[in-house]
Each structure stands twice: as C-alpha cells, then as structure tokens.
Amino acid sequence: MEELGTGRQLQRGLKNRHLQMIALGGIIGSGYFLGSGYVIGKAGPASVLAYLLGGLIVYAVMVCLGELAVARPISGSFISYTRDYISPAWACGVGWCYWLTWVTYVPSEMIAAGIIMNGFFPTVSAMWWAVLFGLAITVINLSRVSLFGELEFWLALIKIAALIMFCGLAIMIFFGALGGGGFLGTSVLLSSGGFAPDGYWVVLLTMVIILVNFQGSEIIGLAAAESQEPAKTIPATVRQVTVRIIALYIIPMLLLVTIFPWDKASLENSVFAAALSSYGLEWAGAIFSFVVLTAAISCSNSGLYGCTRAMYALAQEGMAPAWLGRLNRQGVPQNATALSIGVCWLGVVLYTFDQQQSIYTYLLALSGFTGAIAWISICWSQYNFRKQLSPDEVKALKYKAPLFPYVTQLGIWVQIACLVFVAFTEELRISLYFGVPLLILPIVIYRWSAMRKQQVTDH
C-alpha cells in the first residue's frame, strides 16, 4: 500500500523463511513458557485437548487468512478485509482493539525479559533492562523490514530448538534413561485425579488463555504486503506454520503432563524448567530462562511489528489520524511505530507498580478476548468473500481454504463459544469488562464521525 502523496510504499523485504518465523515468533512467546502453567493447573492433563482444539482453530484461521492474503496481498490485512467484507465500523473497532491488545501485551514481555536479566545480573534493575529492550526493539522496527525478519528468524529458531531439546529430555525421562525414576508409563499422567481431574468443561474455560498463546499467526497477513511473491510464500507459510504449531505445542504439552504432576504447575516460573529440574536437571532451568528471554524479545518484536502495521492500516483507511500512515525512507510506518512504542513504555512504567500474578492473568485474558475478535473477523471476512464469488471466480483462486464453509464456520463458532465460557470464569471475566468497551467505543466514534461528515456533505 502506497502512502498518499509521497510515492513511498511498504518494502517487500521479507523472504519465505522470514515469514514463517514471524508467525512462529508471535506465537511462541513467554506466555507459552509461563502461561502454560495456568492452563495445566486448571485443566490438568486434559489441557492437551485444549491445545489440540486450539490447533484446529489456528488451522481454520490460517487457511481463511491465506485465501484472503493471496487473493489480496495488502498491508491492511484483516482490517481491510473486515472493512470490505463485513463493515467499516466493525473494521475500526477490530483494528483499534487489536492495536490496544499488543501495546498492552508487549510491555509484559519486556518486563518478563527484564526480570530474567535481573536474575542473571542482580545489580541492574529489571526496569532498566526492560527499557533497554524497548529501545532495541524500537530501532529494529524503524529499520528496514529485512533486518526485522532476519532477527525474528534467529530468535524463533532458538525457541524451536529449546522445545525440541525438551521433547528429547522428556522422552528419556519417560523411559527412565534420565532422572532415575524408571519407566513412568501413566503413573504421572493419571495421578492426582486422573486425566481430567475437574471435568472436561474446564478445557473450554481455559481456551481463552490457549488462544492467547496461539495469537501472532495472523501477523503473516499483515506481513503479506512486505513479502516477496506473496502468492507463493503465503500458502507455503500457512501449511508449514500450521503443522509446526501443532507439533511445537501439542507434543511438548503431552510430554510435559506425562512427566510432571499437573497440580505442581503455576505461573511462578517456566513449567518446562520446573519439570526438568524435578528430575535433577537444574541446568535446564538456566537454559529455559534464556529461552524465555528470547521468547519475550521475539514476541515483543513481532507484536510491535503487528500493531504498527495495524495502526498504519487504520490510518490508510481513514480510521486513525493521517499522520500515523506516514512512511520513512526505509518504507517503515515510523509514526505508528513511535506511538506504539511510546504506549508500550508507559505500560512498562505502570507494570512496575504492580507485578502480581493476577495482573498477568488479566492481561492474558484481555489479549485472548481481543485476539479472538480479530480471528473471528478473519473467518467471517473469508466467508463473505467466498460467498460473493461466482463459481468461475472460485476456480480461479490461487489458494482456497479447504472444506468451505465447514472449516470457516468451525473457526467462527468455536471461538464464540470460548468467549461465552469466559463469562463463567470469575478470574477471566474481567477481560470482558475491558475488552467489550475497547471494541465498541471505536465503532461508536466511527459511526458518529461518519454521521457528522454526512451532515456536512448534505449542507
């Protein structure tokens, strides 16, 4: 998309490997390594089913987004698709809601990184580390997009390598080759109340946190305008990322609940590190602290990228001030980046006043609500897009979401059900108190502004 009046446009500097890792970078954040403790502590070993259902939702959203992104590889991604195939007002609400999600979530990742570095270097405050990471991420996001893609590639690679390492160690522990516990079988998996100690309904109640862990995959749609050969790279990315998400989430999670009692899981530290440490592999704790650090930096990096591109799209669509849609000479939306990082830094300062676990849980739940709204909008847009096409136009699509409309409707209705269940979870219900107004307020302002413009035109 070209910036009006300047001739500048977003640069197509992202390669296929960059695009894949950007999606994985947004998904495998510190929330996965830390937030998984909450899910396991609530659902027990049945949390594996929650992650499996989450994987199906990711698949549905990714194929819907893939169809739209290949047909129309534009910088606005789901915001522009929502405007064209649902309504401009809803697109405004979703876009601002999505931006607010990331600018509140990115600071928590910076704080997490700061706390980890403070553990390695106690003489330096976690706050200063958080500010340092904020500065680094700002510079990266204001530089050429190829630099962002290259950094994200290597950070994501570290996280994937760590999960593969965990799987290898967990398998050896399971068979008794490590840890001295002998062959475990189902002794851990079915202890402390069985596979679903609090029933299977709890699986759905934890889905909003699961959806937070999976969020970030939609960033490939925002990156479509900056990717080389989107018609070729996006379908490949959709397929590969979907498979890798399932492999990198479900397999490690199954191994985790097989070797580590679910009632010992918490948000206090990485449940992966706690599991390995319980078998005498304390050195793994230090490694996973480093991995959580890279996860926090990576997720902050890709999250800031996603929210600045969303803000740029809002400005281009006339749903945000025009100055937020300006690009610098590197083809980067510098004003949108500056505003986003400014709000993130404000969040870093506010978090220093209250770092309770409950605040972190509320933040995850809010991110889950607003992210689910964005994902529902992607599936809804693809549904309306396909319905508008003639049979010949459907045949001409270079990439089609399979099993239409069933996969699309699965993505919509399962997520709606998850949001309904949030209302019945006391500690997550607060996300609705904040999330619903964040969605509705921009819609009301947009409609009011449109009415004012219409009145001026009529006069």
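Residues numbered from 1 in each chain as written. Predicted model: local features only at pLDDT ≥ 70, side-chain atom pairs only at ≥ 80, totals over all residues. Heavy atoms only, no water.

Per an unreviewed UniProt entry, the chain goes by Amino-acid permease RocC and derives from uncultured Sporomusa sp. The chain has a UniProt comment under Subcellular location (unreviewed entry) that states "Membrane". (UniProt positions renumbered as here; feature names shortened; annotations may be inferred.)

Chemist: I'd like a description of the packing of aromatic side chains, backed by residues and values.
Modeler: With the rule as written, the count across this model stands at 10 aromatic pairs. Centre to centre, the rings of Tyr85 and Phe385 are 5.3 Å apart; their planes meet at 70 degrees, and the pair counts as edge-to-face. You can see Tyr85 sitting in helix α4 (residues 77–85) and its partner Phe385 sitting in helix α15 (residues 357–388), a full 300 residues away along the chain. By the burial criterion, Tyr85 is buried, and Phe385 matches it. One aromatic cluster is present, built from ring pairs that chain together Phe121, Trp129 and Phe133. The ring of Phe404 has Arg386 lying over it, and the distance from NZ or CZ to the ring centre is 4.6 Å. (Phe/Tyr/Trp six-rings, centres within 6.5 Å; stacked < 30°, edge-to-face > 60°. Helix = DSSP H or I, 4+ residues; strand = E, 2+ residues; numbered from the N terminus. Buried < 20%, exposed > 50% of the residue type's maximum accessible area, 1.4 Å probe, protein only. Lys NZ or Arg CZ within 6 Å of the ring centre and 35° of its normal.)

Chemist: I'd like a rundown of the environment of Ile173, residues and numbers included.
Modeler: One can find Ile173 in helix α7 (residues 145–174). If we skip the residues at most four places from it in the chain, Ile173 touches Leu178, Gly182, Leu184, Ile259, Leu276, Tyr279 and Leu281. (Contact = heavy atoms within 4.5 Å.)

Chemist: Break down the environment of Val332 for me, with residues and values.
Modeler: Note that Val332 resides in the loop between α13 (283–316) and α14 (334–351). Remark: the alpha-carbon pair of Val332 and Tyr312, spanning 20 residues in sequence, is separated by 9.5 Å. Leaving out residues up to four positions away in the same chain, Val332 has contacts with Asn141, Leu142, Ser143, Arg309, Arg326, Leu327 and Thr337.

Chemist: How would you summarise unusual backbone geometry if you had to cite specific residues and measurements?
Modeler: For the bond running from Phe404 to Pro405, omega is 5 degrees, close enough to zero to count as cis. Mapping Pro405 onto the fold places it in the loop between α16 (391–396) and α17 (406–422). Unlike most non-glycine residues, Leu403 shows phi in positive territory, near 55 degrees.

Chemist: Tell me about the side chain of Thr258, and name the residues and values.
Modeler: Here Thr258 shows up in helix α11 (residues 230–259). If near-sequence neighbours (up to four positions away) are discounted, Thr258 is found in contact with Phe174, Leu184, Gly185, Val188 and Leu189.

Chemist: Run through the state of the cysteines, naming residues and quoting values.
Modeler: Evaluated as defined, the whole model comprises zero disulfides. Of the cysteine sulfurs around Cys64, a residue in no disulfide, the closest is that of Cys379, at 4.0 Å. Cys64 sits in the buried class, given a relative accessible area of 0%. Using a relative accessible area of 0% as the deciding quantity, one classes Cys379 as buried. (Disulfide = S-S within 2.5 Å.)

Chemist: Could you give me a rundown of the packing of helix α6 (residues 126–142) against α13, with the residues and numbers involved?
Modeler: At a minimum axis distance of 10 Å, the contact between α6 and α13 shows a crossing angle of 45 degrees. By the angle between their axes, α6 is oblique relative to α13. Seen from above, α6 lies across α13 with right-handed handedness. Across the interface between the two elements, Phe133, Ile137, Ile140 and Asn141 of α6 pack against Leu293, Ile297, Ser300, Asn301, Leu304, Tyr305 and Arg309 of α13. Residues of the contact of α6 with α13, tallied by class, amount to seven nonpolar, three polar and one charged. (Axes fitted to C-alpha atoms, helices over the stretch in contact; angles between N-to-C directions. Parallel < 35°, antiparallel > 145°, perpendicular 65-115°, else oblique. Left-handed = near helix turned anticlockwise from the far one by under 90°. Nonpolar A, V, L, I, M, F, W, Y, C, P; charged D, E, K, R; others polar.)

Chemist: Describe in detail the pattern of salt bridges, supporting the description with residues and values.
Modeler: Oppositely charged side chains are able to pair whenever their charged atoms sit close together. What the rule picks out here adds up to four salt bridges. A salt bridge links Arg386 to Glu67, with the shortest nitrogen-to-oxygen separation between them at 2.6 Å. Placement of the pair is Arg386 in helix α15 and Glu67 in helix α3 (residues 47–71), with a sequence separation of 319 residues. The burial state of Arg386 is the same as that of Glu67; both residues are buried. For the salt bridge of Glu317 with Arg83, the shortest nitrogen-to-oxygen distance reads 1.8 Å. Linking Glu317 in the loop between α13 and α14 with Arg83 in helix α4, this pair joins segments that are 234 residues apart in sequence. Given a relative accessible area of 16%, Glu317 falls into the buried group. Among the ionic contacts, a cluster of salt bridges with common partners joins Arg72, Arg83, Asp84 and Glu317. (Salt bridge = Lys/Arg side-chain N within 4 Å of Asp/Glu carboxyl O.)

Chemist: Which residues make up α17, and what values do they have?
Modeler: Compared with the 24 Å implied by 1.5 Å per residue over 17 residues, the 24 Å span of α17 between its first and last C-alpha is a close match. The complete set of buried residues in α17 reads Val407, Thr408, Gly411, Ile412, Val414, Gln415, Cys418, Leu419, Phe421 and Val422. (Expected span 1.5 Å × (residues − 1).)

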